Amino acid sequence: MSPASPLMDRVPILPEAVLREHQVFQPYDTRFQAAARLLQALWRGEQGFAVGEHVRPGGEVQELGSRLSRQDAEAGANFISEDIYRLARREAAYREHGALYDTERLCRNLLSSQALCFNLFGLLRQDLDLASRVVERLMPGVYRRVTGVLFEHSPGRNNPLFTGDNTAFDAFLLTETDDQLPGFVAVEVKYTESFEDTGSGTGPRHDELSEASGLYGDHHADALRKPPLQQLWREHLLAYATLTKRPFSSGGVRHGSVRHRSARPGRYQAGNTGSRRHSLLASGALKTRGDRIQLPTPPESGKALDRAGPWHKYGSDVKKDPKLHKLTGQSP
């Protein structure tokens, strides 16, 4: 089969026998989840890490190829460097009140999007010059520099002046414009998770912010209040409320995914606060269109990675991975 074939732009359906052989068969996985789980299991084996255990809802314990053993997890095997592992543990220990961390999943589950978030944005936290270059590439001419990186952050968690719920951003980059005005880039990171979670639901405050923001052609649309859009909708509303309640001149919301299904940001006017006009850069909203943004690989960190971490599989396009095509009996 030619590499130019349009079939190669799809994630293959992997044979059950192959998934069982590598201890990653999960009957409710989507084809993308199954492929990502298998790639993680292959990487784990290549690194010489033992298979970890997974406790099923009924209490049954099974070995799962996309899990790390407790010993390897405690050594930081799910992170690209010891520094990033220390950062993740510190952030979990000193988390904001109400912030959600599942440390078992963070350290042992190779499909954890929270681990992916630390592996990517931890590098930016360590190197703000690199962070500034990344933001300039994603949003040219908007911000002069990045001044800080926060994790699992909400500017107003459960505050009725904001969204009044537990909505938060996986990463929150503090920025500065050429005029030295403060701004932010808020990020939602997905790996194999979907947007089917309804979170804490919606209420009158969400309706009020949806109308006031002017972000949507129909701010009453039922589609905004249901999966898969609800989570992004709530994050846009939190970003809008942040612009009106905190001293930021501008802000952005970005959705990052290993599937490369990020979006080109669209600029919207989000209202006025006094004489200062605020703008919200929102991606994933109904008005935006899709684009592909590849994760940088290899990372441009100032310190060389001290082990063969999982970065290479995060940065690859799952649809085009030759290992998967070989395991389906097809030529890459």
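Above this text sits the structure in question.
Only a predicted model underlies this, so the values are computations on that prediction, with no experimental measurement involved.

> Run through the packing of helix α4 (residues 82-93) against helix α6 (residues 113-126), naming residues and quoting values.
Their axes nearest at 10 Å, the elements α4 and α6 cross at an angle of 95°. The angle between α4 and α6 falls in the class roughly perpendicular. Residues D83, I84, L87, A88 and E91 of α4 lie in contact with α6, whose contacting residues are F118, N119, G122, L123, R125 and Q126. Residue classes in the contact of α4 with α6 are distributed as five nonpolar, three polar and three charged.

> An account of the nonpolar core is needed here, citing residue identities and associated values.
Membership of the largest hydrophobic core comes to 56 residues, with the highest contact counts inside it found for L38, F79, F118, F121, F151 and L173. Here this core takes nine residues from helix α2 (residues 31-47), the largest share from any one element. Apart from the residues lying within four places of it in its own chain, the contact partners of F151 are L87, E91, Y101, C117, F118, F121, G122, R125, F169 and D170. Of all hydrophobic cores here, the second largest spans 19 residues; its members include F184, A186, L209 and L238.

> Which residues make up the side chain of R205, and what values do they have?
You can see R205 is positioned in helix α8 (residues 204-213). Owing to a relative accessible area of 18%, R205 belongs among the buried residues under this scheme. Of the polar contacts made by the side chain of R205, one reaches the backbone oxygen of L161; its length is 2.7 Å. For R205, the residues in contact, after removing those within four places along its chain, are P160, L161, F162, T163 and K245.

About the criteria used
Residues numbered from 1 in each chain as written. Predicted model: local features only at pLDDT ≥ 70, side-chain atom pairs only at ≥ 80, totals over all residues. Heavy atoms only, no water. Axes fitted to C-alpha atoms, helices over the stretch in contact; angles between N-to-C directions. Helix = DSSP H or I, 4+ residues; strand = E, 2+ residues; numbered from the N terminus. Parallel < 35°, antiparallel > 145°, perpendicular 65-115°, else oblique. Contact = heavy atoms within 4.5 Å. Nonpolar A, V, L, I, M, F, W, Y, C, P; charged D, E, K, R; others polar. Core = buried A, V, L, I, M, F, W, Y, C linked by side-chain atoms within 4.5 Å. Buried < 20%, exposed > 50% of the residue type's maximum accessible area, 1.4 Å probe, protein only. Polar contact = N/O pair within 3.5 Å; in protein donor to acceptor, adjacent residues only side chain to side chain.

Purely spatial values, then, with no claim about function.
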